[in-house]
Amino acid sequence: MTNRTENILPLTERNAWKALAVHYEQLRHLQLRTLFADDPQRGERMTVEAVGLYLDYSKNLITDETLTLLLQLARECGLRQRIEAMFCGEKINITENRAVLHVALRAPKEASIVVDGVNVVSQVHAVLDKMVDFSERVRSGEWKGHTGKRIRNVVNIGIGGSDLGPVMAYEALKYYSERTMIFRFVSNIDSTDFTEAVHDLDPAETLFIVSSKTFTTLETMTNAHTAREWLLAAFGGDTQSIAKHFVAVSTNAEEVAKFGIDTAQMFEFWDWVGGRYSMTSAIGLSTMLAIGSANFRIMLSGFHQMDEHFRTAPFESNLPVLMGLLTVWYADFFGTQAIAVLPYEQYLKRFPAYLQQLVMESNGKQMTLNGSRVSYNTSPIYWGEPGTNGQHSFYQLLHQGTSLIPCDFIAFIETLNTLGRHHDILLSNVFAQSEALAFGKTMEQVKAEGTPDWLVPHRIFEGNRPSNTLLAERLTPEALGKLIALYEHSVFTQGAIWGINSFDQWGVELGKVLAQRIIPELESKVEPALGHDSSTNQLIRRYRNSKRT
Ligand SMILES: O=P(O)(O)OC[C@H]1O[C@H](O)[C@H](O)[C@@H](O)[C@@H]1O
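Residues numbered from 1 in each chain as written. Predicted model: local features only at pLDDT ≥ 70, side-chain atom pairs only at ≥ 80, totals over all residues. Heavy atoms only, no water.

Concerning the pattern of salt bridges
Evaluated as defined, the whole model comprises 27 salt bridges. Where Lys91 meets Asp116, a salt bridge forms, and the shortest distance between an N and an O atom there is 2.9 Å. Here the residue Lys91 occupies a position in the loop between α5 (79-87) and β3 (114-115), and Asp116 occupies one in the loop between β3 and β4 (118-119), the gap between them amounting to 25 residues. Between Asp202 and Lys149 there is a salt bridge, with the nearest N and O atoms lying 2.8 Å from each other. Here Asp202, found in the loop between α8 (191-198) and β7 (206-211), pairs with Lys149, found in the loop between α6 (120-140) and β5 (153-157); they are 53 residues apart in sequence, far enough to count as distant. Exposure remark for Lys149: the relative accessible area of 37% places this residue in the partly exposed category. Several salt bridges converge on common partners, so that one network encompasses Asp39, Arg45 and Asp64. (Salt bridge = Lys/Arg side-chain N within 4 Å of Asp/Glu carboxyl O. Helix = DSSP H or I, 4+ residues; strand = E, 2+ residues; numbered from the N terminus. Buried < 20%, exposed > 50% of the residue type's maximum accessible area, 1.4 Å probe, protein only.)

Structure representation (structure tokens):
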């Protein structure tokens, strides 16, 4: 594999970067209060609406010049060419020599993207059709379990990208899902996860989807074997039952066959789909089973609309580009370490967890594409909770803590479950929070309320805390697709500016290898010779000496 990127100019040597550094020094003390007072139209001007998503980015610590310079930086970093390279199937994941084509998973049938001489879009649609056929047979009851009962329970076994997308989408789209069926998700190697997931399920009515890109992941394979035993125990060891109760989603047909699942019951995807970008591949099978194939296709169209927006819209009105550049601005010039994602939508309760993998596994890197260490910050930590729960927990720190944490507020104009005044109250909270963060409460205001002098400092909100507000009409499968693709491409934008590979994840390997070494040390009947450091040796001994079995 060759390194084709060695001539990239270091980010900090780019003109726009240098100009941004000077610009930051000039405006670091700027106040949102002043920016809004000086420009009464700011809250209308600094907004973008595209493909049904409305972004208000006016409450950011930026001026028009900041934006101009950030957009210039994007151009200097070749963002447009990087986007084209991804969409055209170039092998931009250079450390694994792979194309990065999650966008092909939602491309229309007639599109063509060629990788190694093959039009991958036709492959995508062939698998989609197979998923549609299977999910319709299961949902209609035509597909029967081993004893002739219809399938009522679906258990997805997978971890990381083979779990977080499916769980998040299931929760997000529950309103659209088949309520007569039960969906469970087993990811953790912790035996509690599997035990709790199946404790009330009838094996005769249960379908397992073993989801794993590699089909070698320790957690998933261990859980899948346990599921196999659980099923066989119910059917007197009759291995014929497996065909009716197990399907696989993977890129690795050989391992699927070794496990004992007929590859006719395997839903394929490809090495150009990264795990954390795979929820629109066959990894979404549980989603399709839950919401039906028509809704699944609508979700894909939402993704595709955002893909096209990202690819074609001018940068100044390009939602993912703007959001990505703002993240770079805070991470690199303000030294921001964290970004809070705050969906004011109960159905999106797993969205922050999903974003954790998407963002941090993609851009939690310190090597540039040419193998030198970055001299600037890369990804902040993304975390969050649905509103209003977060308000009664960690918002204290957002308002008065010592860290600057930009927030993404996400809300929908309409609720899916109208109930009295709930939605007005919910939305009033989103708007109130971004207002409070931005404008705070001054000493004068606190004093004017008759607050005793000694208490005044505690009750001041300095404000000037930035946020984005994203509004959409209603949480539909289409809107969910747009929202996820927005973050995917924001992550892409950030990675392109930082000059890192957003599509590998070498950082997860070391722990896996060390665990493989420790497993036999915990299980061996004879005292093993331990060659770790004194802390690890002692932890292993303590566990060995205390465990009962
Ligand atoms: O789908 P699998 O091959 O089982 O991989 C599951 C997950 O595990 C890996 O360790 C990676 O960190 C993730 O990116 C991946 O999604």
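Some remarks on α8
Among all positions of α8, only Phe194, Ala197 and Val198 are buried. All buried residues of α8 fall inside an arc of 80° around its axis, so they share one side. Against the buried residues of α8 lie β6 (182-186), β7 and α9 (218-234). (Arc of directions from axis to C-beta. Contact = heavy atoms within 4.5 Å.)

Structural notes on helix α22 (residues 534-546)
In a regular helix each residue adds 1.5 Å, so 13 residues correspond to 18 Å; α22 covers 18 Å between its end C-alpha atoms and thus fits that length. Looking at the buried side of α22, the elements it contacts are α21 (509-523). Two or three places before Ser535, at the opening of α22, Asp533 has a side-chain oxygen 3.0 Å from that residue's backbone nitrogen. (Expected span 1.5 Å × (residues − 1). Polar contact = N/O pair within 3.5 Å; in protein donor to acceptor, adjacent residues only side chain to side chain.)

Quick notes on the pairing of β5
Most of β5 sits inside the fold, with 5 of its 5 residues counted as buried. What you see with β5 is no split at all: Asn153, Val155 and Ile157 on one side and Val154 and Asn156 on the other are buried throughout. Sheet topology note: the β5/β6 ladder contains 5 bridges and is parallel. When the sheet's bridge partners are listed, Val154 is paired in β6 with Phe183. In this view, the connection linking β5 to its parallel neighbour β6 by way of helix α7 (residues 164-172) has right-handed handedness. Pairing of β5 with β7, which is carried by 5 bridges, proceeds in the parallel orientation. (Pairing = 2+ DSSP bridges. Right-handed = clockwise from strand over helix to strand, strands pointing away.)

Describing empty space enclosed by the protein
Applying the stated criterion to the full structure yields 4 cavities of 30 Å³ or more. Size it by volume and the largest cavity reaches roughly 110 Å³. Residue lining of the largest cavity: 15 residues in total, with Met323, Thr327, Ile339, Asp408 and Asn468 positioned closest to the centre. Elements supplying a minimum of two residues to the lining of the largest cavity: α14 (319-334), β12 (407-412), β13 (467-472) and α20 (477-498). A per-element tally of the lining of the largest cavity places α14 first, with 4 residues. Taken together, the residues of the lining of the largest cavity sort by class into 9 nonpolar, 5 polar and 1 charged. (1 Å grid on protein atoms, 1.4 Å probe; cavity = no way out; pocket = protein on both sides within 12 Å on 5 of 7 lines; lining within 4 Å. Points joined across faces, edges and corners; volume = space filled by probe spheres on them. Nonpolar A, V, L, I, M, F, W, Y, C, P; charged D, E, K, R; others polar.)

Remarks on the packing of helix α1 (residues 15-27) against α14
Two elements in contact, α1 and α14, have axes whose closest approach is 11 Å; the angle formed by their N-to-C orientations is 75°. With respect to their mutual orientation, α1 and α14 come out roughly perpendicular. Here α1 contributes Trp17, Leu20, Ala21, His23, Tyr24 and Leu27 to the contact with α14, which in turn contributes Trp329, Asp332, Phe333 and Phe334. The residue inventory of the contact of α1 with α14, partitioned by class, reads 8 nonpolar, 1 polar and 1 charged. (Axes fitted to C-alpha atoms, helices over the stretch in contact; angles between N-to-C directions. Parallel < 35°, antiparallel > 145°, perpendicular 65-115°, else oblique.)

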